[in-house]
Amino acid sequence: MAAPKYALLVTGAAGGIGSGFVSEFLKTPQASTHYGLYVVHPSQPGSLAELLKNHAPASHKYEIASLDLSSLVSVRSFVSTLQPRVKAGELPPIRKLYLIAGGIFTSKDTEDGLDYSADGLEKMFAVNYLVNFLLVLMLLGSMKESARIVFMSSTTHWPENKSNASHVTKLEHNTVWKDVDMLANGKGNVPEAETGKKGRFEAGMRRYGTTKTLLNMFMYELQRRLDKDSQLSKISIIAMEPGAVGGTGLFQAHTFPIWMWFILCYIAPLIQTIVVWFMPNGFMRTPQQVGKDLVFAGWGKGLKGATYLDGHVVRDSSPETHDVVKQGKLWEGSLRLVGLSDAETALESWR
Ligand SMILES: NC(=O)c1ccc[n+]([C@@H]2O[C@H](COP(=O)([O-])OP(=O)(O)OC[C@H]3O[C@@H](n4cnc5c(N)ncnc54)[C@H](OP(=O)(O)O)[C@@H]3O)[C@@H](O)[C@H]2O)c1
């Protein structure tokens, strides 16, 4: 059997949407040509192994790596083990990079739920945004020249969207951008005093939506830099919002009002299975449907770099994410926070 030509790296591979994607990917012919590098949280070693054992075709080669994505040190050590293997030809170059890991992380101990990573950063800023910034920049040198990167966005990044008005921010505050350091320490969103919303759910969702805004801004800034790069100009980035997918680990009881948590965990999975039959790109979707959409995001023909997808439909991200001045400030601040060095990225114009 021929050795796989490419690698596919997936973070959050054992989560609700991650597992949906892996099971859909395994049905495609690409499962035979792509080596699977499945990255899971150290707390989740078993569930993905079971899925792969039962559903991977015999031709699919893979490994499961355990990595804590809330730590910059862990990410650096993970990449520094991976890179030499690609260089030595032991692992094929990465052709698809799916950054699915993420979450709504709040502390049980405070009213606004502010929680921090081991690096002292607001936890959602760290896991949902900054770690992806570092991971992508460090992995570029191990990627195939025509590779694709897929980010998980969310409709919560739109403060102007009326469906977010109850929890994200009042409509008059239609910007989420603040100084990077304020965002990194979790104090940078629209202040509670202005919104009148200060509970763990509202503040937590605002911080969550903010991190997805930052991810979209990062996509536009990085794609411009890639387009000008003499070696990496064929790499494209796609951001995708998956709709509402109930029953995944995203919905934690201590963050959501209990009635909402119950609906999202137990009622929504029943309804979404039916809804998705009639409206595959409707508001409610299943992990399997999102898995198919993610396969499309990775392999779909005609998708240009810096495309924003709602499921499998091309849409646009919020107007604020297109602000190039803010994108530039985010880039500079993120570089400072991760302390990137020349040797750590293959991107020519990274400063
Ligand atoms: N479900 C939705 O309605 C929805 C809507 C919009 C966007 N999204 C996005 O879709 C993605 C997947 O979410 P999901 O709904 O599938 O939730 P999920 O089941 O909780 O999946 C998230 C995955 O990320 C992993 N993860 C979290 N923190 C990590 C860390 N520090 N290190 C390594 N892995 C970590 C989780 O592992 P552990 O469980 O072990 O922590 C889990 O496997 C997220 O980026 C989310 O923001 C989801």
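Because the structure is predicted, anything quoted here is derived from the model rather than measured.

Basis of the calculations
- Residues numbered from 1 in each chain as written.
- Predicted model: local features only at pLDDT ≥ 70, side-chain atom pairs only at ≥ 80, totals over all residues.
- Heavy atoms only, no water.
- Helix = DSSP H or I, 4+ residues; strand = E, 2+ residues; numbered from the N terminus.
- Rg over C-alpha atoms; globule rule 2.2 N^0.38 Å.
- Buried < 20%, exposed > 50% of the residue type's maximum accessible area, 1.4 Å probe, protein only.
- Contact = heavy atoms within 4.5 Å.
- Areas by Shrake-Rupley, 256 points an atom, 1.4 Å probe, with all protein chains shown as cover.
- Lys, Arg positive; Asp, Glu negative; His and termini not counted.
- Charge placed at Lys NZ, Arg CZ, Asp CG, Glu CD.
- Core = buried A, V, L, I, M, F, W, Y, C linked by side-chain atoms within 4.5 Å.
- Phe/Tyr/Trp six-rings, centres within 6.5 Å; stacked < 30°, edge-to-face > 60°.
- Lys NZ or Arg CZ within 6 Å of the ring centre and 35° of its normal.
- Near = heavy atom within 4 Å.
- Polar contact = N/O pair within 3.5 Å; in protein donor to acceptor, adjacent residues only side chain to side chain.
- Nonpolar A, V, L, I, M, F, W, Y, C, P; charged D, E, K, R; others polar.

## Overview of the overall build of the protein
Counting secondary structure elements, the protein contains eleven helices and eight strands. Taking 20 Å as the expected radius of gyration for a compact globule of 351 residues, we find that the protein reaches 19 Å, a close match to that expectation. C-alpha extents for the protein along the principal axes are approximately 60 × 50 × 35 Å. Counting the 351 residues in the protein, one finds 55% classified as buried. Taking as baseline every contact in the protein between residues at least 6 positions apart, the subset at least 24 positions apart corresponds to 75%. Accessible surface, the protein as shown: approximately 14,700 Å² in total, 58% of it carbon and sulfur. Between the averaged position of the 36 positive side-chain charges in the protein and that of its 32 negative side-chain charges there is a distance of 5 Å.

## Describing the nonpolar core
Counting residues in hydrophobic clusters, the biggest one holds 62 residues, and the most contacted among them are Leu 140, Ile 149 and Phe 151. For this core, the element with the highest residue contribution is helix 5 (residues 123–139), accounting for 13 residues. With residues up to four places along the chain from it excluded, the contact list for Leu 140 reads Ile 149, Leu 226, Leu 232, Ile 235, Thr 345, Ala 346 and Leu 347. Ala 13, Phe 21, Val 245 and Trp 299 belong to the second largest nonpolar core, which has 29 residues in total.

## A look at the packing of aromatic side chains
Tallied over the full model, the rule gives 16 aromatic pairs. Measuring from centroid to centroid gives 5.6 Å for Phe 151 and Phe 218, while their planes differ by 25°, and the two rings are stacked. Of this pair, Phe 151 sits in strand 5 (residues 143–152) while Phe 218 is found in helix 8 (residues 200–227), placing the two residues 67 residues apart along the sequence. Taking relative accessible area as the criterion, Phe 151 reaches 0% and is therefore assigned buried. Through a chain of ring-to-ring contacts, three or more aromatic side chains come together here, namely Phe 125, Tyr 129, Phe 133, Phe 151, Phe 218 and Trp 331. One residue, Arg 95, lies across the ring of Tyr 6, its end atom 4.0 Å from the ring centre.

## Re the site of the ligand
Taken together, 30 residues sit near the ligand, with Ile 17, Ser 43, Leu 69, Tyr 208 and Thr 248 positioned nearest. One of the side-chain N or O atoms of His 41 is found 3.4 Å from an oxygen atom in the ligand. Contact between the ligand and Ser 43: an oxygen atom at 2.7 Å from a side-chain N or O atom of the residue. If the ligand stood free it would expose 870 Å²; the protein chains cover 90% of that surface. Looking at the shell around the ligand, the elements that each hand over two or more residues are helix 1 (16–25) and helix 8. Tallied by class, the residues present in the shell around the ligand amount to 15 nonpolar, 13 polar and two charged.

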